[in-house]
Structure formats: C-alpha cells, structure tokens
Amino acid sequence: MKKKSFSILMGVVLTFSLLLAACSSGSNNGKNNTPPAATNDSAAKTEETDKPAEPEKPTEITIMLPLNIAETPPDTIKNELEKLTNTKLTYQFFPADTYEEKLNASFATGSLPQVTYLKNQATFVQMKEAIRDGQFWEIGPYFSEFPNLSKLKEEILNNTKVDGKLYSLYIGRPLARQGIIYRKDWADKLGLAAPANVDELFAMMEKFTTGDPDGNNKPDTIGLADRNDLVYGAFKTASAWFGTPNNWGERDGQLVPEFTTPEYAATMDFIKKIRDAKAMNVDFAATSKTDQVNMFTSGKAGVYIGSMQDVDSLVKDLVKNVPTAVVDTHSMIAGPDGKLASWSIPGYNNVALFPKSAIKDEAELKKILAYFDQLMTPEVANMMFWGIEGTHYTVVDGKAKASADKELTEREVKGFKDSVIGEPETNGMYDGFHELPARIHAEQLIIENEKIAIADPTAPLDSKTYTEKGTELQEIIKDATYKYIYGSIDKAGFDKAVEDWKKRGGAQIIEEYNAAYKK
Amino acid sequence: MQEAHQENAVQLVRVPQPRTSELKKRLWKNKWLYVMLLPGVLFFIIFKYIPMFGLAIAFQDYKPFKGIGGSEWVGFKHFERLFTEPDFLNILTNTLLLFGMNLLFYFPIPILLALMLNEVRFSFFKRTFQTLVYLPHFMSWVIIVSISFVMLTSDGGIVNELLEYFGFEKVNFLLSPEWFRPTYIIQVIWREAGWGTIIYLAAIASVDPGLYEAARMDGAGRLRQVWHITLPAIRSVIIILLILKIGDVLELGFEHVYLLLNSMNREVAEIIDTYVYTAGLRQGKFSYSTAIGFFKSFIGLVLVITANRLAKKMGEEGIY
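Source: prediction; values computed, not measured.

What counts and how
Residues numbered from 1 in each chain as written. Chains lettered and ligands numbered in written order. Predicted model: local features only at pLDDT ≥ 70, side-chain atom pairs only at ≥ 80, totals over all residues. Heavy atoms only, no water. Helix = DSSP H or I, 4+ residues; strand = E, 2+ residues; numbered from the N terminus. Buried < 20%, exposed > 50% of the residue type's maximum accessible area, 1.4 Å probe, protein only. Contact = heavy atoms within 4.5 Å. Areas by Shrake-Rupley, 256 points an atom, 1.4 Å probe, with all protein chains shown as cover. Phe/Tyr/Trp six-rings, centres within 6.5 Å; stacked < 30°, edge-to-face > 60°. Lys NZ or Arg CZ within 6 Å of the ring centre and 35° of its normal. Buried area = accessible area lost by both parts, 1.4 Å probe. Salt bridge = Lys/Arg side-chain N within 4 Å of Asp/Glu carboxyl O. Pairing = 2+ DSSP bridges. Axes fitted to C-alpha atoms, helices over the stretch in contact; angles between N-to-C directions. 1 Å grid on protein atoms, 1.4 Å probe; cavity = no way out; pocket = protein on both sides within 12 Å on 5 of 7 lines; lining within 4 Å. Points joined across faces, edges and corners; volume = space filled by probe spheres on them.

1. What to know about the overall build of chain A
Item 1. The number of helices and strands found in chain A is 21 helices and 15 strands.
Item 2. Looking at chain A as a whole, 52% of its 519 residues are labelled buried.
Item 3. Taking the contacts inside chain A whose residues are at least 6 apart along the sequence as the reference set, 76% of them involve residues at least 24 apart.
Item 4. Accessible area for chain A stands at about 22400 Å²; split by element, carbon and sulfur atoms hold 53% of it.

Listed below in structure tokens is the structure:
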C-alpha cells in the first residue's frame, strides 16, 4: 500500500521535477524522492569529463552519514562530486554524538536512505541481526563488475563479512594509531626523555603534576587528561602496553575476553595508581571529550593518550593559549615484561550498508555501486577527502598539503572526508603532507605500530549472543572497571562482576566464539 | 482562573440538548471556533492516538523490514524478560525513590514559596524576586548539569576548593552513588521551584480579600490568616497538581538523569527512562524498550486513578 502511494507521489514529483529541483536540493527529509535534475546544469558545465553525445540521466542517490563537526557542510564538494560522477546526491548529515539514535529510529520506521553509513564497529555488530534477516543487499556477488571496488583489501573485507557474505563497503583507517601526545617543552624543562616503558610514563605524569612544569609556582598542572571512554580514551591503549589482548585473546588454546586476564587487572592498577597520585583528572569517569581536550589545550595537562593523529587539532588550540608550547608524539612504550604492543582496529572504522527498503531492485543497486566505484578513483577520492585542489589543498611532493585556512577546509570538506571508502593504497588518493613535526613523527609511529599491532581475533568471527546482548553486558564490565579504578570495589568485587557477566550470557559468548574460532 | 473555566464547561454541558437544526445553526455560527479547534484535535490524533497502535510492537519481535503487519507475535515475552531482568528491581526502586523524593522535597516548595511571596507587601521587590526565581526554568538541563559539573568537580570545582579551604575533605559529588540523589533533587528544586509558584500565586490572588479583613477583625495574625484562609483556599489546586504530578510518576526528566548518569553511580541513577533509551535507541531493541515504556505508562495510569479516587473520597473534585 505504502509502495503504491509512493509511486504515485513519485509520478507527481517527476512532473514537477523542474520546479522541485530547486527546492529539494536543500531539504533533508529522509525520503529518496529527490527528483532528477532534468535541467542538468551541472553536467553542462562538466568539461573535464568526456561528455557523451546523449548525456545519461544522473543517478539519484540519498546518503546518510554521521557528521563530526558542528555544522552541515555547504554544497561546494557535493556539487563537484555530482559533476564528476554524473549523479544527483542528497547527503543527510546527522551529528555523530546522537547518530545511533538517528540510525535506529530511521531503521525502526523503515526510512533508511539508499546508502546508510553506520557509526563504528559497535553499530555494525548491532546491525548484524538485521543483516542476517535480509534487510540489506548482499553486494559481494556484484564486486567483479566493478574494477575499482575489487581493489579493496581482501583481509579487511573479510573482517566486515557477515556469515561469510559481504554486505558493506568499508572506510579504511590505519590499523594502530594509538600512542601518547605530550608536552615536550615540559619534559625538557624537567629533564625527562620520552618514556620508554610504563614506569617512566608514570614518572612523567607525576613529574608533570608536582614539578611545576609551566613555571608559575602554582600546583595547577596534571599529568594525564582522560575522559569517560575505556576504549578510545587512555585505558585500552595502556592495556595493550601491559600485554592485554585486544578484546579477546588466546590463552591455553582458548579464546578468553580481555578482562579476565591478569594484564587487564594490571592496567586497572596502573590507571588507579595515576589517579590515586592525582596525576590525572580524578573525575575522568565523568569527563567529556571536549573537557578532556580543553585540559590539554589550555595548558593544564601534559599527556593525552589516544589516537596520535589528534595532535594537529590539539596543537592548533594549544598554541593559542600557550604560544611557547612544544608537543611531540610517542608510542613505543614497553610493558612490565619489556614487550612493545599496540592494539589495532580491524582496518576499518565504519561501513556503508544498502537497505533493501530503499533500493528496490538490482539495477538500482548497480547504479549506486557504480557511484562508489567512481569514488574509488584518485580524482573523486581526492575531491572527497582533500577538497578542491588550490582551495582546500595543494600538492607538494606528490602529497596533499592542507591549506592554511583550516576552518574553511573543516567546514566544507570534513563532512565528506569521513565517508571515503577504502584507503590511499586502494583508492589512489594522496597521502597527507604534514608540516607539524609531531604529526610527521606520529605518521612514522603509526607505521611502526603496525609491526607490533595486536589484532582482535574475534573481528571476523560471529557470536549470536554477542550480537544480541554484547554491548549491554559490556556495561557491567565497564562499570566494574571504573569502580575498581576509583577504589570502590576491590579485585574480588571485580571478579564478581566478571562472574555476573558470565552468568548473564558471557559464558555463552565465550562458548560461541571458541566454537567459531576452531572452525 | 482555571476553576472558572471548568465551571463554564460544566454549565455548557448542562444546557438542554438543542434540536438538530438548532445544533447545526449553532455549529455554523461558531464555525471559526471549530476551525481553530481543528489543529489541536488533529495534533492529538496524529501525535498521541495514532502512535498508540505502535504499542503493538511490545508484543512482537519487531523487524522494521517486515513492519508491524509482518513481524512475529510473541505475546508477553518482552514483559517476562523485563520482570526477570536482574536489574529490573533496582531500576524500579530507583525510579520510585526519585519520585518519592520529588514529592517529599520538591512538591511543597513552590507552595511555601508562593505563600511567602504573597506575604511580601513591597510590590517592586515581590515582582523582581518572582522573576528571579522563574528564570532557571528557562535553562536547559544540559546547561544546569554543566554548571553543576564545573562547580562540583574535584578538579578545581569551586565547591570542593571551598571545602578544602575550610579544612574539609573533598567530596566526589559527581561520581559517588551517595551524592546522586541529593544533587538531582537540588537541581530540580533550583530549576523548577520558582516556575511552580505561578499557579499557586494565581490561586492565592483569587481569594476574596473580604475574608482576610474579616479574619483581621477577629484578631487573626499573619500566620493565622495563612493557615485558615490562604491554605484552605488553594487546597483544591494543590490536590489537582498533586494528582497530575503523580500521573507523571515516572517522568523524572530523562535528559536530566541521563546527563548525571555515569558508571560510578549507575546503581542508583538508572531509571526506567534511561533504561528505555539505552535499550531502545542505543541498542536497537525496539520491542523490548516499547514493552518497558508500556509498563511505565501502566503504572502511571494506575497511580492517577488511585490518587483521583482518594481525592474524591476526601471531598475534593479530582481531575475528572
């Protein structure tokens, strides 16, 4: 019934396509009823592409994706993309903070657009049930028809498969970006070198707190600035240094969850030690990322643990407040047993799915895949990732150097940047040209990190119970971890929480993962 | 003023039914009034009544792709899951406790404030004060919670700095279960108390001044007048507001609680609303969270009916 009235609507819309083309381009109404731009004034302007005698009608595509900046970007990049790919694109940006809500609400009401980006691996796990239900197109069988898409890395595609079938395109990310960003000027003043192991790291944080590194004779500095996030905050990165497996690890031939290992407990003790020494923001369990970043950029805190690529934005704001500040990155920190390690992601940080509720037939799917195939050419990928050459970036030594007007690039390009499928190796876009020494160092370290990266063995595996209540159960562990660090429970109390986790479905998860692992 | 309206409404109903032609004439005569009523009626039908059919998914394993028509019916499965959930009792207790605190600590405060404001004779002062206590109502919870965060954090929050200055131990307001409820209720009072006085002040304003004069003649002091005239006069307003409040039993301000919630205080801070949000929107369990929401509304309904009955037994009007 809904379909029928929809097609009638479509007919009406088409009749007035000319009229509506003007209004609908600005509307994000969650439906894919954007009319084709019959006037095609964008295609007329296209000079760089060979225009066939009979211009093909542009493909209409509606795309929903998370936005990591405050405002929806203007159409600058979108218009260029449409020209390059002969499409009529409707981008629906929703703030990343509340993206899961938006995603689930659209999903529940059957109004997902043709291309639906998820938010991260966790939302992907959540969607698996619906994927198994057949609510999204399986795209694997069509891959061979698209030369550029077939370049996507096999091992990463494998990590995104559901029951061995491919449903999504992935957004590539370096495997291991984790490390520390620290105030080198403070370390130099206090006579500290980059920490070679966790004890030196602790010593640095303590010195930063007590040694008056900013020289104002006031005890107003702390070592570490952390936030209420056990994964992308400091905790997980530190846990890798202690030898904790990445989510799951093999012990005596069995897969076990990370929080049952003694290394995880050692990490909790480490963070507890920092907190007890007041060498970090003691309220970190209630601190948002914004507040955490503020602590660093205002010159209050000296160490930030997380993605080393954050250094650009941190430095940008820090030098406004402390012009003399010098920042460096570092990641080779040995654990108690002297080993180096870095946890890694499965090579992607997000995926795009294709809901059957919005794409009605194979032909339509192929047209959309053809758009993504074009996205994987250097020309289009660069446009999306770096912006317009000369305006948003310039090419230096075969690398893209972002323009000095960072605000403009952020406003116009950032929204699209986070949705580029693949990575430079596969889509041919430029690597970044960096000037900030700390960032150059970070990029080197990211390559080094890859050699010591610990993978999550469950990334390509499936557990029905985990899909169903994994996230929910994880809360138990998360709460217990914080409580242990805050000293409101002891190790026995933590073990009790682990038991609780097992009782409420964790034991099943362990069983299912092990069964899948042995296959 | 509210009462006056209600009386009018009652009188309208009591007028003998006009004949059909007369009714038509009447309708025609007031047609613009009905046209103006239309958007309101439509609003309630579209946004309040039609969505009620959505409750059906509480009894299904809802699959968005298949829709309400095609999803499998599972009876009370989700309710069973809710009642057997280990956290359920805890969440219900938290909800009811916060509600109890609301009734006990927040509810009387606007009444007291209104009585006090009413005794202020200096009108400039009275109006200024009134405006000042209204204002916090217009700040969103995000702002109020952020202000509290800045004041209460143990990393240089002013309250903790003061405590330390005067030689006390720092208190971890934000991250300890003991402080969640006091923080919550103080924020509620701070934001809402002034706003809550509006209706009471209006009710007090409608009291016949003659009564006070008579009481003064009989030698009643200020307090006596409050006790024997003002309070009885606003008694029915208090009761109606109390019943309405009870109807909102589980509406504790989702946003507010959610903002205060963290890993350290979850055992006292998780309430039905936040649980529905986490289960439904963050984890995509539509049927389950609908069942929880349904359960919550059901409790609310039972409580309103009970409260209304009680009010009527005590000789008050009630809300229906």
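2. Points about the packing of aromatic side chains
Item 1. Applying the stated criterion across every chain, the model contains 45 aromatic pairs over all chains.
Item 2. Consider the rings of Phe 385 of chain A and Trp 386 of chain A, whose centres lie 5.0 Å apart with planes at 70°: the pair is edge-to-face. Pair check on accessibility: Phe 385 of chain A and Trp 386 of chain A agree, each one buried.
Item 3. Relative to Tyr 277 of chain B, the ring of Tyr 258 of chain B lies with its centre 4.8 Å away and its plane at 70°, an arrangement referred to as edge-to-face. Remark: Tyr 277 of chain B occurs in helix 16 (residues 272–282) and Tyr 258 of chain B occurs in helix 14 (residues 254–260); sequence separation between them is 19 residues.
Item 4. By relative accessible area, which is 28% here, Tyr 258 of chain B ends up partly exposed.
Item 5. Taking relative accessible area as the criterion, Tyr 277 of chain B reaches 11% and is therefore assigned buried.
Item 6. Clustering of aromatic rings is evident, with ring pairs tying together Phe 235, Phe 259, Tyr 264, Tyr 484, Phe 494 and Trp 501 of chain A.
Item 7. A cation sits over an aromatic face here: Lys 356 of chain A above Trp 137 of chain A, 5.7 Å from the ring centre.
Item 8. Just above the ring of Phe 385 of chain A sits the side chain of Lys 417 of chain A; from NZ or CZ to the centre is 4.9 Å.

3. Focus on the interface of chain A and chain B
Item 1. Contact with chain A, which involves 35 residues of that partner, is made by 29 residues of chain B.
Item 2. Of the roughly 2700 Å² buried between chain A and chain B on both sides combined, carbon and sulfur atoms contribute 50%.
Item 3. Seen at the junction of chain A and chain B, the total is seven salt bridges.
Item 4. Among the elements of the structure, helix 5 (99–108) and helix 20 (464–485) of chain A are those that each provide at least two residues to the side of chain A that touches chain B.

4. Digging into the environment of Tyr 182 of chain A
Residues and elements named next belong to chain A.
Item 1. Here Tyr 182 is to be found in strand 5 (residues 178–183).
Item 2. When its relative accessible area of 3% is taken as the criterion, Tyr 182 is described as buried.
Item 3. It is 14 Å that separates the C-alpha atoms of Tyr 182 and Asp 214, two residues lying 32 residues apart in sequence.
Item 4. Once you skip the residues sitting within four places of it in the chain, Tyr 182 turns out to touch Ala 187, Ala 194, Met 204, Gly 302, Val 303, Val 326, Val 327, Asp 328, Thr 329 and His 330.

5. Looking at the sheet that holds strand 6 (residues 222–225) of chain A
All names here are of chain A.
Item 1. Across the sheet, which stays open at both edges, the four strands sit in the order 6-9-5-10 with mixed pairing between neighbours. Only two strands of the sheet have a single partner each, and these edge strands are strand 6 and strand 10 (327–330). Here the strands of the sheet are splayed against their neighbours by 20° on average, with no regard to which way each runs.
Item 2. Where strand 6 lies against strand 9 (residues 301–307), three bridges are found, and the strand directions are parallel. The partner of Ala 225 across the bridge, within strand 9, is Tyr 304.

6. Points about empty space enclosed by the protein
Item 1. Scanning the model with the defined rule gives three cavities of 30 Å³ or more in all.
Item 2. Considered as a void within the structure, the largest cavity measures approximately 60 Å³ in volume.
Item 3. Lining the largest cavity are Ser 106, Phe 107, Gly 110, Ser 111, Leu 112, Gln 135, Phe 136, Pro 355 and Ser 357 of chain A together with Pro 64 and Phe 65 of chain B.
Item 4. The computed volume of the second largest cavity comes to approximately 40 Å³.
Item 5. Lining the second largest cavity are Leu 82, Phe 88, Ile 91, Ile 272, Tyr 275, Ile 292 and Phe 295 of chain B.

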